[in-house]
Amino acid sequence: MSIVHLPTRRELLVGSGALFAWSQMPRLARAEGRDPRLLVIILRGALDGLGAVAPVGDPDWMSLRGDRALVLDGKTPALPLDSLFALNPAMPNLYRLYKNRQASIVHATATPYRERSHFDGQDVLESGVARPGATGSGWLNRALLALESGGRVDPHGSRALGIGSVTPLVVRGAAPVMTWVPQKLLSASADTQNRLLDLYRHTDPKLASVLQARIKLAALDGTPAMGDPMSDDPTLAPPGIARVRAYFADAAGTAARYLAKPDGPRVGAMGFVGWDTHIAEGAASGQLFNLLGALDGALAAIETNMGETWHETVVAVVTEFGRTARINGTQGTDHGTGTVAFLAGGALAGGRVIADWPGLKPAQLLEDRDLKPTIDLRAVLKGLLRDHLRVEENLLASAVFPDSADVRPMGGLVG
Amino acid sequence: MSNSAKAEAVLALHRFGMGPRPGSIAAVATDPRGALIAELDRPLALSAAAAQPSSARAYRTVADANARRTARAKQAQQQAKKQQMAAAPTVADDQSQAEAQTQGKIQGQGQEKDAAEMAAKKAAEAIPDPGRPIYLQEAKLRTEAALAAEIGFAERLVWFWSNHFCVSANKIQSMSGAYEREAIRTNALGRFVDLLQAVEGHPAMLFYLDNLESMGANSTAGINRSRGLNENFAREIMELHTLGVRTGYTQDDVISFANVLTGWTLVPPGADPQHGGEFTFNPRLHEPGGQTVLGKRYEQEDVEQGRAVLRDLAAHPATATHVATKLARHFVADEPPPVLVEQMAKTFRDTEGDLKQVAIAMVSSDEAWRGPPSKLKRPSEWVVGMIRATGITQVDPVRYTGGQELLGEGLWRPSAPKGYPDDEASWIDGVGRRLDVANYFAERVTGITDPQAIIDDVFASEISSEVKQAVGRAESRQQALALLFMSADFQRR
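Given the structure is predicted, the values throughout are model-derived calculations rather than measurements. (Residues numbered from 1 in each chain as written. Chains lettered and ligands numbered in written order. Predicted model: local features only at pLDDT ≥ 70, side-chain atom pairs only at ≥ 80, totals over all residues. Heavy atoms only, no water.)

## Digging into the overall build of chain A
- When its secondary structure is counted, chain A shows 13 helices and twelve strands.
- Counting only residues that meet the buried cut, chain A has 60% of its 415 residues in that class.
- A separation threshold of at least 6 residues defines the contact pool for chain A, and within that pool the share at least 24 residues apart is 71%. (Helix = DSSP H or I, 4+ residues; strand = E, 2+ residues; numbered from the N terminus. Buried < 20%, exposed > 50% of the residue type's maximum accessible area, 1.4 Å probe, protein only. Contact = heavy atoms within 4.5 Å.)

The following block contains the structure:
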């Protein structure tokens, strides 16, 4: 793990102007009995919810994904959650938390966005505004502003933490944000390398051959990748998954350490890239499996570093949209709609898969293509903000998620 | 604006400038060639340079710090030795004890030496090197000039000449920026002979190419001392700066020219607090008498002898060809069209080395525009192009110069007097490193810039459909930006 770079006072004040807030911080932290923490993790690139949490009990599951379907008695058996769903075997920590009622999964969920652009989808997810392009502030930041000053979660001090050299939009806004940048930067992901390689193959063969050589070298250098047996192209094996795992755990673990401090921030946000599994997805032993494993490690790091405050914590793992229900021609999935959200933390009333299952028959899919979303993700997020951070419900509908009056907060998520 | 006008504007900005920035394509599209030429008439000074120390002052500042450092180190060393002495054993009684103590004493001496050296090192390090902040500020000024330029053709010419007449900040960190400002920037659009005289007479160059101590065998200093002639400076001037390698000069020419240049040195910094570090001609080092260089006899006395040789080297036809070839290779193609090179060399000869006219001849020639964008940008050009595309106008020099070093083109730090190479083969293997840098940069700017806006506004949509598609399908803005910056459209010119 790299050396922790504590935010300096100067960094804390960037973009805030709230010079007075710092001196008051310790006093504000425990004004009420409970002292909630909320960490939001954005999976950028759109997660295949069906590859993460498989509907093994659905009669149409096998016909949909065929021999790529995650099953309970597969070579790598999926972990049974209830009669319908099973968790990807890459996530034993989440499974343990689920069994301990400290994790819940929301399935067939989506934001109001119904198109297929990552950028626009991320804007909608993070801004909390139903139309794309609203990038001024994020719902988590506005939720802080909706809280009373001096309350448990002081909205006017540095109560939010952004991880990464760019603060995720979800936490950007008028409420001051402190930032932490991991010292070891993650180099371009295998996915980015492969996309660039593909671009070069069509436009610049010389650059293509140089880049390919580098990718091969990196693959030799790294830990043996769990290659997709279907893929005969060695460049598609994800090199450097060990580095990805280390980065995820480092970033998430650090966020947890700050959130756990009595006078630290109460909410945080970070993004993990690499989820656009349009080729060689490998739910059981490839890209997706590796990434979910890295995410599972990040959750473990959060739990460990939160210490006692884990019991007052909710981690929400969300993504801009899902992926197609069917596998595409390159053994991946294309941009789809419905997906899953993972919730973890000691504050949850967990141990449930929350779903209004739409079914997987062609007519039940959205546009005969995507898992149909039946739960508005905003309902889940509003439920967490109302019951965990105690944001007033009317403000949730107006300021935090504008024009969402008809989306009722989901109750009973936290204990 | 027609498509071909836009395409030529994009090419103008990439091939001859620093890359497009928001609005620049529209600004030059009506007449890209005219816009390039017009930029050569604008002043090339750096607005904020007045606050920067001259090369001589920078040199004195560093020399002063070094002197203080040495003094402190010596003091600390002596103090440490004294303490050790006080703690050391004294007299031995019998043989075995004496032996044991001899052993101990040897060991003790070793420790003593180590401790004293450590103390000296620590004391010296307490005085920071003033050269680095000067270097960083110069780097900042220079980079921001490239970011601020509408096209950046004139800045590219400064960069070109700075590399052609390179010095290395690894040897003279404090003077590298001032050298470029004083010798290169002021002459990059003037006559080659003036540029040459300014460069070869600059303290940084004399220091870098080791001419400070060079002395003629028959000079006053040469007779008194065992040291002698240094051929390096003369050789590099002929091989790299003027005629070019294998253009007919002999080893005898090199030695004669080196003798001509003896005495070209600087005022010792300690000797003269007003002028220390400035160029001076020291007659005590100069080889007396006439010299024959390239078949011509130079009977001039003192510094004029060297200036006369430089004048002739500047006017030599081989120099015209060498300079024209290097310029065309840098801007147009690794193997530049011979017609273009000859047009530029002819202009050089016809105008007595008017560098602005040579630059105009280049961009006025259809040959310079005809080929596909085959040049792989050097890391420095690529990085500045990337920053320009985002509209950012200021840089953190620590991060910026660090990035340049990571990419193998540390600012003013070439590993040899030949400067950084210009061919694709030298740089293409660094593409993987570029990807990491692009990815990192993209992460940093993803909140303030939009990949689609760069395609639309910065490139006026003049970018291949494959890139548009890759950017549109990227999984995040960061990835989209990284792919855009890494595309051939962005890396080649």
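The discussion continues.
## Quick word on the interface of chain A and chain B
- At the interface, 37 residues of chain A touch 36 residues of chain B.
- Between chain A and chain B, roughly 2,800 Å² of surface is buried when both sides are summed, and carbon and sulfur atoms account for 60% of that area.
- At the boundary of chain A with chain B, the tally comes to three salt bridges.
- Between the two partners, chain A and chain B, sit 14 residue pairs in polar contact (both at pLDDT 80 or more).
- For the side of chain A that touches chain B, the elements supplying multiple residues, two or more each, are helix 6 (118–127), helix 8 (190–203) and helix 9 (205–221) of chain A.
- In terms of residue count, the dominant contributor to the side of chain A that touches chain B is helix 8 of chain A (nine residues).
- Broken down by class, the residue content of the side of chain A that touches chain B amounts to 14 nonpolar, 13 polar and ten charged. (Buried area = accessible area lost by both parts, 1.4 Å probe. Salt bridge = Lys/Arg side-chain N within 4 Å of Asp/Glu carboxyl O. Polar contact = N/O pair within 3.5 Å; in protein donor to acceptor, adjacent residues only side chain to side chain. Nonpolar A, V, L, I, M, F, W, Y, C, P; charged D, E, K, R; others polar.)

## Side note on the pattern of salt bridges
All names here are of chain B.
- Across all of its chains, the model carries 49 salt bridges over all chains by this definition.
- When the shortest N-O distance is used, the salt bridge between Glu299 and Arg297 registers 3.0 Å.
- Residue classification places Arg297 among the partly exposed residues on the basis of a relative accessible area of 46%.
- The closest approach of N and O atoms between Glu409 and Arg378, which form a salt bridge, is 3.3 Å. One end of the pair, Glu409, is in the loop between helix 20 (397–406) and helix 21 (424–427); the other, Arg378, is in the loop between helix 18 (367–370) and helix 19 (379–390), and 31 residues separate them in sequence.

## Things to note about empty space enclosed by the protein
Residue and element names in this part refer to chain B.
- As enumerated under the stated definition, the model contains three cavities of 30 Å³ or more in all.
- Looking at the largest cavity, its volume works out to about 230 Å³.
- Surrounding the largest cavity, 23 residues form its lining, Arg142, Trp159, Asn163, Glu409 and Tyr420 being those nearest its centre.
- Of the residues that constitute the lining of the largest cavity, the class distribution is nine nonpolar, seven polar and seven charged.
- Taken as a whole, the second largest cavity encloses approximately 50 Å³ of empty space. (1 Å grid on protein atoms, 1.4 Å probe; cavity = no way out; pocket = protein on both sides within 12 Å on 5 of 7 lines; lining within 4 Å. Points joined across faces, edges and corners; volume = space filled by probe spheres on them.)

## Points about helix 4 (residues 55–87) of chain B
- Compared with an ideal rise of 1.5 Å per residue, which puts 33 residues at 48 Å, helix 4 of chain B spans 48 Å between its outermost C-alpha atoms and is within 8% of the ideal.
- Every buried residue of helix 4 of chain B is listed here: B:Ser55, B:Ala56, B:Ala58, B:Tyr59, B:Arg60, B:Val62, B:Ala65, B:Ala73, B:Ala76 and B:Ala80. (Expected span 1.5 Å × (residues − 1).)

## Digging into helix 16 (residues 338–350) of chain B
Residue and element names in this part refer to chain B.
- The terminal C-alpha atoms of helix 16 lie 18 Å apart, and with 13 residues this matches the ideal 18 Å at 1.5 Å per residue to within 8%.
- Residues of helix 16 that are buried in the fold lie against helix 9 (192–200), helix 14 (302–315), helix 15 (317–331), helix 17 (355–364) and helix 18.
- Positive phi shows up at Glu352, right after helix 16, with a value of about 55 degrees.

## Re the packing of aromatic side chains
All names here are of chain B.
- Considering all chains together, one arrives at 20 aromatic pairs over all chains under this definition.
- On the numbers, 6.0 Å between centres and 25 degrees between planes, the contact of Phe16 with Phe331 is stacked. Here Phe16, found in helix 1 (residues 3–16), pairs with Phe331, found in helix 15; they are 315 residues apart in sequence, far enough to count as distant. There is no split in this pair, since Phe16 and Phe331 are both buried.
- Aromatic pair Phe153 and Phe331: ring centres 5.7 Å apart, planes at 80 degrees, arrangement edge-to-face. With a gap of 178 residues between them, Phe153 in helix 7 (residues 153–164) and Phe331 in helix 15 connect regions that are remote in the sequence. Accessibility assignment for this pair places Phe153 and Phe331 in one class, buried.
- One aromatic cluster is present, formed by Phe160, Trp161, Phe165, Phe192 and Phe348 through successive ring pairs.
- Seen from the ring of Tyr135, Arg413 lies directly overhead, with NZ or CZ sitting 4.5 Å from the centre. (Phe/Tyr/Trp six-rings, centres within 6.5 Å; stacked < 30°, edge-to-face > 60°. Lys NZ or Arg CZ within 6 Å of the ring centre and 35° of its normal.)

## Looking at the pairing of strand 6 (residues 160–163) of chain A
Residues and elements named next belong to chain A.
- The alternating pattern of strand 6 places Ala160 and Gly162 on one face and Leu161 and Ile163 on the opposite face, and all of these are buried.
- Sheet topology places strand 6 next to strand 8 (residues 267–273); three bridges connect them, and they run parallel. Bridging from a neighbouring strand, Leu161 pairs with Gly268 of strand 8. (Pairing = 2+ DSSP bridges.)

## Comments concerning the confidence of the model for chain B
- Summing up the model confidence of chain B, the mean pLDDT is 91 and the portion of residues at 70 or higher is 95%.
- What the predictor reports for the complex is a pTM of 0.74 with an ipTM of 0.88. (pLDDT = per-residue confidence, 0-100.)

## Brief notes about the side chain of B:Ser365
Residue and element names in this part refer to chain B.
- As for its placement among the helices and strands, Ser365 is situated in the loop between helix 17 and helix 18.
- On the accessibility criterion, Ser365 (5% relative accessible area) is buried.
- Apart from the residues within four sequence positions on either side, Ser365 is in contact with Arg33, Leu340 and Gln343.

## Quick look at unusual backbone geometry
Residues and elements named next belong to chain A.
- The phi angle at Ala46 is positive, at roughly 80 degrees, despite the residue not being glycine.
- Note on placement: Ala46 falls in the loop between strand 1 (37–44) and helix 3 (49–52).
- One non-glycine residue, Asp368, lies in positive phi territory at about 55 degrees.
- Within the element layout of this structure, Asp368 appears in the loop between strand 11 (352–354) and strand 12 (375–376).

## Points about the sheet that holds strand 3 (residues 79–80) of chain A
All names here are of chain A.
- Strand order in this open sheet of three strands is 2-4-3, and the pairing throughout is antiparallel. The sheet is open, and its two borders are formed by strand 2 (53–54) and strand 3, each paired with just one other strand.
- Pairing of strand 3 with strand 4 (residues 86–87), which is carried by two bridges, proceeds in the antiparallel orientation. Counted as the bridge partner of Pro80 is Ala86 from strand 4.

## Some details on the packing of helix 4 of chain B against helix 8 (residues 169–185) of chain B
All names here are of chain B.
- Across the interface, helix 4 lies against helix 8 with an axial gap of 8 Å and an inter-helix angle of 170 degrees. Taken together, helix 4 and helix 8 sit at an angle that is classed as roughly antiparallel. When helix 4 is examined against helix 8, the residues Ser55, Ala58, Tyr59 and Val62 are found in contact with a partner set consisting of Ser174, Met175, Ala178 and Glu182.
- Partitioning the contact of helix 4 with helix 8 into residue classes produces five nonpolar, two polar and one charged. (Axes fitted to C-alpha atoms, helices over the stretch in contact; angles between N-to-C directions. Parallel < 35°, antiparallel > 145°, perpendicular 65-115°, else oblique.)

## Observations concerning the environment of B:Val471
- Looking at where B:Val471 falls in the secondary structure, it is placed in helix 24 (residues 465–473).
- Sequence separation between B:Val471 and B:Ala217 is 254 residues; the distance between their C-alpha atoms is 67 Å.

## Examining the side chain of A:Asn88
All names here are of chain A.
- In this structure, Asn88 sits in the loop between strand 4 and helix 5 (92–99).
- Judged by relative accessible area, Asn88 falls into the buried class, the value being 0%.
- Only 2.9 Å separates the side chain of Asn88 from the backbone oxygen of Gly51, close enough to count as a polar contact.
- At 2.9 Å, the side chain of Asn88 and the backbone oxygen of Ala283 are in polar contact.
- Setting aside anything within four residues of it in sequence, one finds Asn88 in contact with Gly51, Ala52, Leu70, Leu79, Ala283, Phe289 and Leu292.

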